[in-house]
Amino acid sequence: MDPPEDEGRLPIIGGIVPMRATDGELPEEDGWAYEPHWHGVRALVTDDTGRVVITDAAGVDISLQFPEVRRIGRALGHRELILDGVIVPADLSHERRGIARRMKIRSDSGARNAARTAPMVFMAFDVLWVDGRPITGLPWELRRRQLDDLRLDGPGWRTSPTLALDAAFARIDDDIG
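Only a predicted model underlies this, so the values are computations on that prediction, with no experimental measurement involved.

Procedures and definitions
- Residues numbered from 1 in each chain as written.
- Predicted model: local features only at pLDDT ≥ 70, side-chain atom pairs only at ≥ 80, totals over all residues.
- Heavy atoms only, no water.
- Buried < 20%, exposed > 50% of the residue type's maximum accessible area, 1.4 Å probe, protein only.
- Helix = DSSP H or I, 4+ residues; strand = E, 2+ residues; numbered from the N terminus.
- Pairing = 2+ DSSP bridges.
- Patch = residues over 30% accessible without salt bridge, like charges linked within 9 Å, V, L, I, M, F, W, Y side chains within 5 Å.
- Areas by Shrake-Rupley, 256 points an atom, 1.4 Å probe, with all protein chains shown as cover.
- Salt bridge = Lys/Arg side-chain N within 4 Å of Asp/Glu carboxyl O.
- Lys, Arg positive; Asp, Glu negative; His and termini not counted.
- Charge placed at Lys NZ, Arg CZ, Asp CG, Glu CD.
- Core = buried A, V, L, I, M, F, W, Y, C linked by side-chain atoms within 4.5 Å.
- Contact = heavy atoms within 4.5 Å.

**What about the pairing of strand β2 (residues 51-56)?**
On any regular strand, side chains alternate: one points to one face of the sheet, the next to the other face.
Right, on to step 1. The element β2 is extensively covered by neighbouring structure, given that five of its six residues are classed as buried.
Right, on to step 2. Here strand β1 (residues 41-48) runs beside β2; their pairing, made up of six bridges, is antiparallel. Counted as the bridge partner of A43 is D56 from β2.
Right, on to step 3. Between β1 and β2, which pair antiparallel in sequence order, lie two residues; one of them, T49, sits at a positive phi of approximately 50°.

And the structure:
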């Protein structure tokens, strides 16, 4: 017997854009989370029950260039998700050069070779869609819990860490030098 049909369920739609941070004053009260700023390709990873499509911030399909990220579909199983994040080199010392080269690849064999020699990692920091429903209207804390529950820790994907205030300031100090 089939389960009852979910009348509120929607098919995954295109045209969803990454969430954008807004400028503001640094909060002084407790209860805030901080995330590192990743230098890479801003991307949405859409997993439509195992079929993965990666799009950049402009909505251009960049799936071909990142075969190691496309494998996330196997890890997520039979789900419908849209994850927001950044694709960065696994070895951050190759940051700028590696991303620029990868974006120029136009063949599957070239992308597979690049994935072996200069692997990339998708750092997910938000969930925008879960199993038939957009969740961008939910508070960040609830979306973050959904993201953490996915336990993203694979060869080409991870969940971006959140930092406590002291760790965030230490990272800023390190970046400034």
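**Focus: a negative patch on the surface**
Right, on to step 1. Taken together, the side chains of E25, E28, E29 and D30 define an acidic patch exposed on the protein surface.
Right, on to step 2. Structurally, E29 is set in the segment before β1.

**Regarding the pattern of salt bridges**
Right, on to step 1. Applying the stated rule across the entire model yields nine salt bridges.
Right, on to step 2. D84 is the salt-bridge partner of R42, the closest N and O atoms lying 3.0 Å from each other. Placement of the pair is R42 in strand β1 and D84 in strand β3 (residues 80-89), with a sequence separation of 42 residues.
Right, on to step 3. Classification of R42 by relative accessible area gives buried; the value is 19%.
Right, on to step 4. Using a relative accessible area of 0% as the deciding quantity, one classes D84 as buried.
Right, on to step 5. The shortest N-O distance in the salt bridge between D153 and R158 comes to 3.9 Å.
Right, on to step 6. Connected through shared salt-bridge partners, E35, R144 and D148 make up one network.

**Considerations on unusual backbone geometry**
Right, on to step 1. Notably, T49 is not glycine yet its phi reads approximately 50°, a positive angle.
Right, on to step 2. By the secondary structure assignment, T49 is in the loop between β1 and β2.
Right, on to step 3. Backbone geometry at R151 places phi at a positive 50°, although glycine is not the residue there.
Right, on to step 4. Here R151 shows up in the loop between α5 (140-149) and β6 (153-154).

**Observations concerning the nonpolar core**
Burial of nonpolar side chains together is a common tendency in soluble globular proteins.
Right, on to step 1. Counting 24 residues, the largest nonpolar core has I54, L83, I87, F122 and L152 as the members making the most contacts within it.
Right, on to step 2. For this core, the secondary structure elements donating two or more residues are β1, β2, α2 (72-76), β3 and β4 (120-130).
Right, on to step 3. At five residues, β4 tops the list of elements feeding residues into this core.
Right, on to step 4. Residue contacts for L152: discarding those within four places in its chain leaves I72, L76, L83, A124, L147, W157, R158 and T159.
Right, on to step 5. In this structure, V88, V121, M123 and F125 belong to the second largest nonpolar core, which totals six residues.

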